[in-house]
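Coordinates in review
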Amino acid sequence: MAKQVVFDEIGGPEVLRIEQVELGEPGPGEVLLRVDALGLNRAEALFRSGGYYYQPNLPGSRLGYEAAGEVVALGAGVTDFAVGDQVLTTITSEMSANGTYGDALRLPAGDLIHRPGGTDPVTGAALWLSYSTAYGALVEKGELRPGDTVLITAASSSVGVAAIQTARHLGAIPIAVTRSAAKRERLEQLGAAHVIALDEGDLLKQVAEITDGRGAQIVFDAVSGPGLADIAQAVAPGGLLIVYGWLDPRPAPLPLNWTLRILGYGNLQVTGDPAVRSRVWHFLDAGLRAGTVAPVIDRTFDLEEIAEAHRHLESNSQIGKIVVTVDH
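Residues numbered from 1 in each chain as written. Predicted model: local features only at pLDDT ≥ 70, side-chain atom pairs only at ≥ 80, totals over all residues. Heavy atoms only, no water.

**Side note on the overall build of the protein chain**
Our working rule: Only DSSP runs of H or I covering at least 4 residues are called helices, and only runs of E covering at least 2 are called strands; the numbering of each starts at the N terminus. Just to be clear, the radius of gyration here is over C-alpha atoms, and the globule rule we use is 2.2 Å times residues to the power 0.38. Partly exposed residues are those whose accessible area sits between 20% and 50% of the maximum for their type, while under 20% is buried and over 50% is exposed, using a 1.4 Å probe and protein chains only. What makes two residues a contact is simply this: any of their non-hydrogen atoms within 4.5 Å. Note on areas: Shrake-Rupley, 1.4 Å probe, and residue coverage restricted to the protein chains presented here. In this tally, Asp and Glu contribute negative charge and Lys and Arg positive charge; neither His nor the terminal groups of the chain are included. Working definition for charges: the position is that of NZ of Lys, CZ of Arg, CG of Asp or CD of Glu.
A tally of helices and strands in the protein chain yields 11 helices and 16 strands. Its C-alpha atoms give the protein chain a radius of gyration of 20 Å, near enough to 20 Å, the size a compact globule of 328 residues would have. Principal-axis analysis of the C-alpha atoms places the extent of the protein chain at approximately 60 × 40 × 35 Å. In the protein chain, buried positions account for 55% of the 328 residues. Considering only intrachain contacts with a sequence separation of at least 6, the fraction spanning at least 24 residues in the protein chain is 66%. For the protein chain, the accessible surface area stands at approximately 13300 Å², while carbon and sulfur atoms represent 51% of it. One finds the centroid of the 25 positive side-chain charges in the protein chain at a distance of 4 Å from the centroid of its 39 negative side-chain charges.

This is the structure we're talking about:
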């Protein structure tokens, strides 16, 4: 038997509950995984509350995209893994049926990668979705180059931190945007070349001062909403606005001045390509070993505290990743 986190109705963190399920033995092409840590993402809070881009299948929907653990059994035909391998999940299918919140999982072997950089489970659980989003958007789609200026909204989120480190690793210049100046020092410690605090003045004025009026070659935006047309003005002529999230779910008007390119980025579609997944893995492995990729763990919770972990996720007070650990 295994513990799985499920929910039966759309709602707040209180709808999450833990139930015992029978996993069964892994079938052909499957792997049985003992879970040691889970990475929490804004996507899961949106999924639970009905604000994600697809809806959960209720009742008894699972949730979660990423987990770190150890292979404990193999189904027929699995050759890329062995019992005892330390792995991460890279789920690209829908969460209701394949969510990762639990103490054990039965998954297709194709949803796993070997844990890069020899990382521990907590660090590993903070890696895949955040860094594959940053790398996939900025490098695979944005063609980020050394010397490029990158404006990063929601910079204290796990994806924001990953984007700062990705830009730094590649020789680009990350400008972090945060709502409060209270996070300035920490974001600078994490590698932001400049920090724009929205409580200190107009965003566009601060961008103009930092870039000598040129704007940023890439704007990496998690917010969208009515402010999209304004933030688009921070893009340098001919530059790229990448929108990867919708923290503000209200309609997003397009900018009236079309001297830029706009990309709506979907990470699961990009990293579903095995060639991209391989490049992400090598980027992470190299960065971890060099110290330029260094996940920031804001706080850890126990699996039994999953509702409280989601409350903390929605508080927007964190810097970096929230991780849930699993005792066995």
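**Some details on the sheet that holds strand 11 (residues 194-197)**
What counts here: Note: two strands are recorded as paired if DSSP finds a minimum of 2 bridges between them. The axes are straight lines fitted to the C-alpha atoms, using for helices just the contacting stretch, and the angles between their N-to-C directions are given from 0 to 180°.
Within the open sheet, the six strands sit side by side as 11-10-9-12-13-14. Their pairing is parallel. Of all strands in the sheet, those bounded by a partner on one side alone are strand 11 and strand 14 (261-264). Averaged over all adjacent pairs, the angle separating strand axes in this sheet is 20°, with direction ignored. Across four bridges, the pairing between strand 9 (residues 149-152) and strand 10 (residues 173-178) is parallel. Note on strand 10: the bridge partner recorded for Thr 149 is Ile 173. This element, helix 5 (residues 158-169), spans strand 9, strand 10 and strand 12 (216-221) of the sheet and lies at about 160° to strand 10.

**Things to note about the side chain of Asp 248**
Heads up, the condition is: We call two N or O atoms a polar contact when they sit within 3.5 Å, provided that within protein one can donate a hydrogen and the other can accept it, with sequence-adjacent residues counted only if both atoms are side-chain atoms.
Take Asp 248: it is sitting in the loop between strand 13 (235-243) and strand 14. For Asp 248, a relative accessible area of 16% corresponds to the buried category. Separated by 2.8 Å, the side chains of Asp 248 and Arg 250 make a polar contact. If sequence neighbours within four positions are ignored, Asp 248 has contacts with Val 223, Ser 224, Gly 225 and Pro 226.

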